[in-house]
Amino acid sequence: MSLRDLALATALGFALLLFLVAFLADRMPGERQRWFASPLVYTLSISVYCTSWTFYGAVGSATRDGLEYLTIYLGPTLVFIGFWSILRKILRISRRDSITSIADFISSRYGKSDTVAAIVTVLALVAAAPYIALQIKAIATSFQVLGAAGEDPGGSASMVPDTAVALWITVGLALFTILFGTRSVDINERNFGVVAAIAIEALVKLVALVAVGLLAVYGVADGPGDVFARMAESVQPRPEDFGLRWVGLILLSGAAILCLPRQFQVTFVENQSERHLLTAAWLFPLYLLVLSLFILPIAVMGQATLPPGSNPDMTVLTMPIAAGRTDIALLAFLGGFSSATSMVIVSCIALSTMISNHIVMPLALRSSAVRLEGGGDVQRFLLRARRAAICFILLCGFLYMRTGAGGAGLASIGLIAFAGAAQVLPALLGALYWEGANRRGAVAGLIAGGAVWAYTLFLPTILGGLDAWDALAAAGPEGLAWLRPDALFGMQAGDPLMHALFWSLLLNTLAFVLGSLTRLPTPIERLQAALFVRVFSDRGGAGTVRGRAASADQLFDLAQRIMGPDRAYAIFRRYAASRGEATEFPSVDDAFVAHLERRLAASVGAASARAMILSVTGSETISLDELVRIADETARLMEYSAEITRKSDEVERAAVQLRAANERLRSLDRQKDEFLSQVSHELRTPMTSIRSFTEILVGTPDLDARERERFIDIIHAESIRLTGLLDEILDMAVIERGEPERPPEPVDPAAALDQAIDACLGLSRTAGVRIERSGAARAARIMGNRSRLTQVFINILSNAIKYGARENAVIRVTERAGEGSYVATITDNGPGIPPEEARTIFDKFSRGRAGETVAQGAGLGLAISHAIVERLGGTLRLEPSDTGARFEIRLPLVADGSVLNDVQSPKRSHSSSS
Amino acid sequence: MAEEDGPSRRARDLAILLPVLGTVLLVPPLVGLFARGDARIVGVPLVVLYLFGLWLALIVGALLLTRRLGGTAPDAAE
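Keep in mind that this is a model prediction, so the values were computed, not measured. For every chain, the first residue of the written sequence is number 1, and numbering continues from 1 onward in sequence order. Chain letters start at A and ligand numbers start at 1, both assigned in the order the entries are written. Totals for whole chains, interfaces and linings use all residues, but because this is a predicted model, local features are given only for residues with pLDDT of at least 70 and pairs of side-chain atoms are given and counted only at 80 or more.

## What to know about the overall build of chain B
Moving on, step 1. To qualify as a helix, a DSSP run of H or I must reach at least 4 residues; to qualify as a strand, a run of E must reach at least 2; elements of each kind are numbered from the N terminus. Along its length, chain B carries 3 helices and 2 strands.
Moving on, step 2. Start at the N end of chain B and walk to the C end: the helices and strands fall as α-α-β-β-α.
Moving on, step 3. Buried means a residue has 20 or more other C-beta atoms within 10 Å of its own C-beta, exposed means 12 or fewer, and partly exposed covers the counts in between; C-beta atoms are placed from the backbone. Sorting the 78 residues of chain B into buried and exposed places 24% on the buried side.

Here it is as structure tokens:
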């Protein structure tokens with residue numbers, strides 16, 4: 001039995017073992033299934049990241065490019081130790097929304113758009129082709145190496161994988177994957193069995209590589225010291241290794257661990273508990289560290305001991321053979337087989353789910369190949385679609401390998417796939433952190449990035465060698481040199497990968513941002529954006545979409561077609577029970593429709609689930625409440641309305657002031673009219689009297705002397721009255737205009753008050769009014785004009801006499817001086833001044849209505865008094881009083897004579913109320 | 001930020017800072033400093049020691065952090 005046959009038998013036996021494990025894991029009772037749902041199994045399943053590329057290719061990479069291979073593991077390490085930011089968020093959302101794939105995740109976020117999902121799927125499929133090809137090539141080559149173990153121990157570097165072998169391997173992988181990935185009719189549950197098998201393969205990879213590594217250190221070399229000593233001539237690190245490419249590859253591998261469909265599958269879709277991430281956060285990087293650690297001595301010793309021209313990608317296998325350790329070689333082969341098969345299985349499961357959910361299903365729904373209402377088993381249809389998709393994916397991989405690209409090193413093929421998968425990164429990060437990102441941006445970014453990647457990296461690998469392509473690559477399409485695929489915009493990077501990565505991610509991100517900024521998101525996009533970006537702050541869980549109505553029977557019919565009758569029944573029954581409803585089917589409301597949509601989404605993806613539900617329920621509306629809540633517009637609206645209220649308050653106040661001012665203006669206008677007529681009347685009365693007496697005197701010359709004299713006396717008295725009246729008006733004008741009179745002088749206000757009371761005695765006696773004086777202000781001095789002050793007192797006193805009580809009228813006059821002020825009050829016991837008049841009493845032309853009948857002045861008395869007191873720096877106020885009107889005159893005192901000269905003119909500190 | 005209760009703010013900040021710190025230490029110019037010349041410690045090239053040592057330190061850091069943050073993740077397996 002040759003080594004190759006032995007390897008084949010081992011591989012088949014191993015595959016059988018895996019089936020057994022998967023079978024047991026799936027059939028185990030729930031209790032024991034928990035064992036497979038452990039954080040360790042979860043972590044090991046994530047290490048499906050380490051494929052043949054790692055197992056075989058990393059050694060080749062280390063041999064060719066030194067420590068560069070570490071970048072492929074440092075990127076994921078950084079992502080996992082930073083689990084708190086990104087991984088946890090994606091995981092929380094995926095678990096909440098029963099996300100089925102990366103395409104489902106992206107499309108869910110961007111409004112459950114099937115366009116976005118289809119683009120991601122196509123991109124992932126194209127990018128997967130090189131990756132699958134890499135696995136096929138690795139297994140095929142490893143078989144050939146084992147077969148040629150006798151004659152060509154190094155495995156020639158130029159060895160081209162045998163097409164027949166590769167084809168058989170492809171068919172074998174397809175069968176293996178179909179049996180594994182689409183065994184169960186139930187496509188909804190998580191794949192316990194597959195995860196368990198992947199975990200075992202991860203252990204085999206680790207053990208095999210560590211074994212080969214130990215052989216290299218202690219079998220081939222004389223311990224670690226020897227290895228490092230030989231490092232100088234092989235993988236000696238140089239400073240230029242740590243340049244732009246180092247950074248670019250770390251970024252690329254970090255993006256790949258998030259964006260590769262199979263990594264998304266194991267990390268987020270198959271996850272059993274969020275707690276498991278806490279273990280994987282450090283254990284997975286540790287797994288990568290251990291693998292990387294043992295790759296180094298294998299590369300060093302392989303280069304040191306194997307014959308020149310050996311294929312460095314096969315060192316892991318050829319070194320044990322050369323060392324005569326067939327057992328370790330067999331283990332290494334098994335490790336490589338495990339790496340390849342686990343990758344192919346998980347990739348195919350992830351991709352076939354994406355293809356069936358996001359390409360086949362939407363097409364079928366549109367072309368009515370699948371009828372949701374009556375007839376047709378959707379479940380079986382989906383399963384067939386997935387199986388066909390698996391075959392298609394593997395065929396793509398096989399064909400890719402057959403192209404010119406198949407001859408490249410494993411690592412360089414893998415990096416092409418990474419760069420393709422990384423095009424999802426902007427849309428993914430935008431989905432998590434930017435609420436403004438929308439469908440248009442996602443579509444634009446994915447298409448731009450995918451196109452640039454395909455043009456600069458993917459197509460050259462498969463079309464390179466064709467004359468047409470080579471001509472295009474050399475001169476640029478249509479002779480446009482700046483569009484050459486290896487030198488876009490004239491950038492001569494020298495490194496096609498970095499060149500492609502730079503331009504694809506740059507244009508991708510630009511298109512994503514610009515696309516998002518140039519369109520407002522639709523309601524469903526806004527809802528999903530908030531649910532994704534604020535997954536940790538929204539406690540309400542998934543948002544509600546309202547207005548979708550259907551009967552429970554219709555919904556059940558739909559559900560059982562997708563999930564099978566038993567499962568659908570169980571879901572309906574359980575939901576009814578959880579609501580406390582005794583019926584078989586729950587009453588249909590928005591919450592139940594949303595619940596059912598989520599369950600369907602777990603099978604067919606969010607976009608298809610939404611389309612199916614809509615086909616039954618009709619159109620939907622996202623409630624305004626919901627939108628307001630998610631957009632946090634409540635806060636904004638409240639602020640806005642507060643501002644409106646504030647503004648309207650201001651407007652209100654201004655309006656009130658305006659109204660008041662207007663009222664005053666009207667009242668002033670009225671007063672002026674009244675005054676004019678009053679003045680006319682007042683002037684007319686003496687004038688009429690003078691004229692008529694003058695006419696009598698002129699017209700009757702025979703008038704007797706006594707009569708004539710009496711008439712002349714009347715004319716004289718009327719003239720005096722007229723002059724007084726005109727004086728009063730002039731006074732008013734002078735005082736109002738503030739024109740300077742005589743310079744102020746010290747005045748004894750008490751003396752002025754005495755004089756005023758004396759002047760009013762005649763008037764008061766005639767009216768029968770008693771004036772009582774009390775208080776004393778001896779030696780008080782104010783600055784001003786004595787006659788003016790006297791005029792003020794007379795005005796107020798005469799008003800008190802005129803408008804005071806008709807019987808038993810008493811006017812009380814008090815005065816006092818102190819605290820810098822001289823204060824005099826004059827109080828009558830009359831009817832007082834009504835409140836509505838109190839406001840205008842000091843205005844010009846105003847006169848008390850109560851006194852209209854006995855009015856004699858022009859209504860300027862109080863206005864003049866008020867103006868005079870103001871000019872003296874004092875105040876004249878109408879004081880509240882129980883009986884009658886009470887006026888208070890308050891004037892500033894002069895402390896002593898020395899400052900008298902400084903006081904030139906009294907200040908006008910108080911503005912007049914008029 | 002309405003984050004659920006549990007781990008201290010410091011632990012959460014550290015969880016965000018750890019990968020940032022790791023990135024800064026792993027990329028040029030810092031990493032290039034250790035690759036100059038043929039510096040070796042006990043026969044091991046300095047940059048190899050630096051990279052693997054840093055890697056291990058980051059893993060230990062993550063391990064300690066996950067212990068601190070352990071109380072938060074809901075242990076919900078559907």
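After that view, the rundown keeps rolling.
## Some words on the overall build of chain A
Moving on, step 1. Along the backbone of chain A there are 34 helices and 7 strands.
Moving on, step 2. Counting across all 914 residues of chain A, residues that qualify as buried make up 48%.
Moving on, step 3. Two residues qualify as being in contact provided that their C-beta atoms, derived from the backbone, are within 7 Å of each other. Long-range contacts, defined here as pairs at least 24 residues apart, represent 82% of the contacts in chain A between residues at least 6 apart.

## Observations regarding the interface of chain B and chain A
Moving on, step 1. Chain B puts 39 residues into the contact, and the matching count from chain A is 37 residues.
Moving on, step 2. Elements with a minimum of two residues in the side of chain B that touches chain A: α1 (9-26), α2 (30-33), β2 (44-45) and α3 (46-69) of chain B.
Moving on, step 3. For the side of chain B that touches chain A, the leading source of residues is α3 of chain B, giving 13 residues.
Moving on, step 4. A per-class count over the side of chain B that touches chain A returns 28 nonpolar, 7 polar and 4 charged. Classes in brief: Ala, Val, Leu, Ile, Met, Phe, Trp, Tyr, Cys and Pro nonpolar; Asp, Glu, Lys and Arg charged; the others, Gly included, polar.

## Focus on the packing of helix α19 (residues 425-433) of chain A against helix α20 (residues 439-463) of chain A
All names here are of chain A.
Moving on, step 1. Lines fitted to the C-alpha atoms define the axes, with helices restricted to the stretch that makes contact. Angles between their N-to-C directions range from 0 to 180 degrees. Where α19 contacts α20, the axes come no closer than 9 Å and their chain directions differ by 155°. Classified by the angle between their axes, α19 and α20 sit roughly antiparallel to one another. Together, Pro 426, Ala 427 and Gly 430 of α19 and Gly 441, Ala 442, Gly 445 and Leu 446 of α20 make up the contact between the two elements.
Moving on, step 2. Classifying every residue of the contact of α19 with α20 gives 4 nonpolar, 3 polar and no charged. Orientation is classified from the angle alone, with under 35 degrees giving roughly parallel, over 145 giving roughly antiparallel, 65 to 115 giving roughly perpendicular, and any other angle giving oblique.

## Digging into the pairing of strand β7 (residues 886-892) of chain A
Residues and elements named next belong to chain A.
Moving on, step 1. Residues Phe 887, Ile 889 and Leu 891 line the buried face of β7, whereas the alternating positions Arg 886, Glu 888, Arg 890 and Pro 892 sit on a face that is not buried.
Moving on, step 2. Of the pairings in the sheet, the one linking strand β5 (residues 821-828) to β7 comprises 7 bridges and is antiparallel in character. Of the residues in β7, the one forming a bridge with Ala 824 is Ile 889.
Moving on, step 3. A pair of strands is treated as paired once DSSP finds two or more bridges between them. Two elements, strand β6 (residues 875-879) and β7, share 5 bridges in a ladder whose sense is antiparallel. What sits directly across from Thr 875, in β7, is Arg 890.
Moving on, step 4. The turn linking β6 back onto β7 is made up of 6 residues, and Gly 884 within it adopts a positive phi angle of 65°.

## Section: the environment of Ile 90 of chain A
Residues and elements named next belong to chain A.
Moving on, step 1. Position of Ile 90 relative to the elements: it lies in helix α6 (residues 87-97).
Moving on, step 2. In this structure, the C-alpha to C-alpha distance between Ile 90 and Val 535, residues 445 residues apart in sequence, is 9.2 Å.
Moving on, step 3. Here Ile 90 is in contact with Phe 268 and Leu 432, once residues within four sequence places are set aside.

## A closer look at the sheet that holds β7 of chain A
Residue and element names in this part refer to chain A.
Moving on, step 1. An order of β2-β4-β5-β7-β6 is seen for the 5 strands of this open sheet, with the pairing classed as mixed. Edge positions in the open sheet fall to β2 (770-775) and β6, since each of these has one partner strand only. Across the sheet, the mean angle from the axis of one strand to that of its neighbour is 15°, orientation sign disregarded.

## With respect to helix α13 (residues 261-269) of chain A
Residue and element names in this part refer to chain A.
Moving on, step 1. Across the 9 residues that make up α13, a large majority, 9, are buried.
Moving on, step 2. All of the buried residues along α13 are Pro 261, Arg 262, Gln 263, Phe 264, Gln 265, Val 266, Thr 267, Phe 268 and Val 269.
Moving on, step 3. On its buried side, α13 packs onto α3 (39-46), α6, α7 (102-109), α8 (114-147), α12 (244-259) and α16 (326-367).

## Digging into the nonpolar core
Residues and elements named next belong to chain A.
Moving on, step 1. If you look at the biggest cluster of nonpolar residues, it comprises 239 residues, and the most contacted ones within it are Ile 106, Val 120, Ala 124 and Cys 259.
Moving on, step 2. Every residue in contact with Ala 124, bar those within four places of it in the chain, is listed here: Ile 102, Ala 103, Pro 261, Leu 351, Met 354 and Ala 421.
Moving on, step 3. A set of buried residues qualifies as a nonpolar core if it consists of Ala, Val, Leu, Ile, Met, Phe, Trp, Tyr and Cys joined through C-beta atoms within 7 Å. Counting 42 residues, the second largest nonpolar core, distinct from the first, contains Ala 780, Val 792, Phe 793 and Leu 797.

## Let's talk about the confidence of the model for chain B
Residue and element names in this part refer to chain B.
Moving on, step 1. pLDDT gives the predictor's per-residue confidence on a scale running from 0 to 100. Confidence in the prediction of chain B, expressed as mean pLDDT, is 79, and 81% of residues score 70 or more.
Moving on, step 2. When the elements of chain B are averaged for pLDDT, strand β1 (residues 40-41) gives the smallest value, 78, and α3 the largest, 91.
Moving on, step 3. Contacts of residues 73-78 to residues separated by more than four positions or lying in other chains number 12 contacts, the stretch itself having pLDDT below 50.
Moving on, step 4. If you check the scores for this complex, the pTM reads 0.67 and the ipTM reads 0.89.

## Considering the environment of Pro 892 of chain A
Residue and element names in this part refer to chain A.
Moving on, step 1. With respect to the secondary-structure elements, Pro 892 resides in strand β7.
Moving on, step 2. According to the C-beta neighbour criterion, Pro 892 is partly exposed, with 19 such atoms within 10 Å.
Moving on, step 3. A sequence separation of 112 residues divides Pro 892 from Ala 780, and the C-alpha atoms of the two residues are 9.9 Å apart.
Moving on, step 4. Contact partners of Pro 892, with chain neighbours within four places excluded, come to Ile 782, Gly 820, Ser 821, Gly 873 and Gly 874.

## Let's talk about the confidence of the model for chain A
Residues and elements named next belong to chain A.
Moving on, step 1. Residues of chain A with pLDDT of at least 70 account for 85%, and the chain-wide mean is 81.
Moving on, step 2. Helix α28 (residues 624-630) is the least confidently modelled element of chain A, averaging 51 in pLDDT, while helix α5 (residues 71-81) averages 95, the highest of any element.
Moving on, step 3. Across residues 849-856, where pLDDT falls below 50, the model places 8 contacts with residues more than four positions away in sequence or in other chains.

## Re the packing of helix α4 (residues 52-65) of chain A against helix α18 (residues 410-421) of chain A
For any two helices packed against each other, the geometry comes down to the angle between their axes and how far apart the axes lie.
Residues and elements named next belong to chain A.
Moving on, step 1. Where α4 contacts α18, the axes come no closer than 8 Å and their chain directions differ by 120°. Here α18 runs oblique to α4, going by the angle between their axes. Contacts between α4 and α18 involve Ser 52, Trp 53, Tyr 56, Gly 57, Ala 58, Gly 60 and Ser 61 from the former and Leu 410, Ala 411 and Gly 414 from the latter.
Moving on, step 2. Here the contact of α4 with α18 is built from residues that sort into 5 nonpolar, 5 polar and no charged.

## Brief notes about the environment of Gly 861 of chain A
Residue and element names in this part refer to chain A.
Moving on, step 1. Along the chain, the position of Gly 861 falls in helix α34 (residues 861-871).
Moving on, step 2. According to the C-beta neighbour criterion, Gly 861 is buried, with 22 such atoms within 10 Å.
Moving on, step 3. Considering only alpha carbons, one finds Gly 861 and Glu 728, 133 residues apart in sequence, at a separation of 8.3 Å.
Moving on, step 4. When near neighbours in sequence (up to four residues on either side) are disregarded, Gly 861 contacts Asn 795 and Asn 799.

## Overview of helix α1 (residues 3-27) of chain A
Moving on, step 1. Each residue after the first adds 1.5 Å to the expected span of a helix. Between the first and last C-alpha of α1 of chain A there are 36 Å, a value that for 25 residues agrees with the 36 Å anticipated at 1.5 Å per step.
Moving on, step 2. Looking at α1 of chain A, one finds that the buried residues are Ala 7, Ala 11, Leu 18, Ala 22 and Ala 25 of chain A.

## Considering unusual backbone geometry
Moving on, step 1. Between Pro 28 of chain B and Pro 29 of chain B the backbone carries a cis peptide bond, its omega angle lying at 5°.
Moving on, step 2. Structurally, the position occupied by Pro 29 of chain B is in the loop between α1 and α2.
Moving on, step 3. The phi dihedral of Ser 98 of chain A is positive, around 50°, even though this residue is not glycine.
Moving on, step 4. Along the chain, Ser 98 of chain A turns up in the loop between α6 and α7.
Moving on, step 5. With a phi close to 50°, Lys 112 of chain A is a non-glycine residue in the positive phi region.

## Things to note about the pairing of β5 of chain A
For a regular strand, the rule is simple: side chains alternate between the two faces of the sheet.
All names here are of chain A.
Moving on, step 1. Among the 8 residues that make up β5, 7 are buried, leaving the element largely enclosed by the rest of the structure.
Moving on, step 2. Across 8 bridges, the pairing between strand β4 (residues 810-818) and β5 is antiparallel. If you follow Arg 812 over to β5, its bridge partner there is Thr 827.
Moving on, step 3. The hairpin formed by β4 and β5 contains 2 residues between the paired strands, and Glu 819 there has a positive phi angle of roughly 55°.

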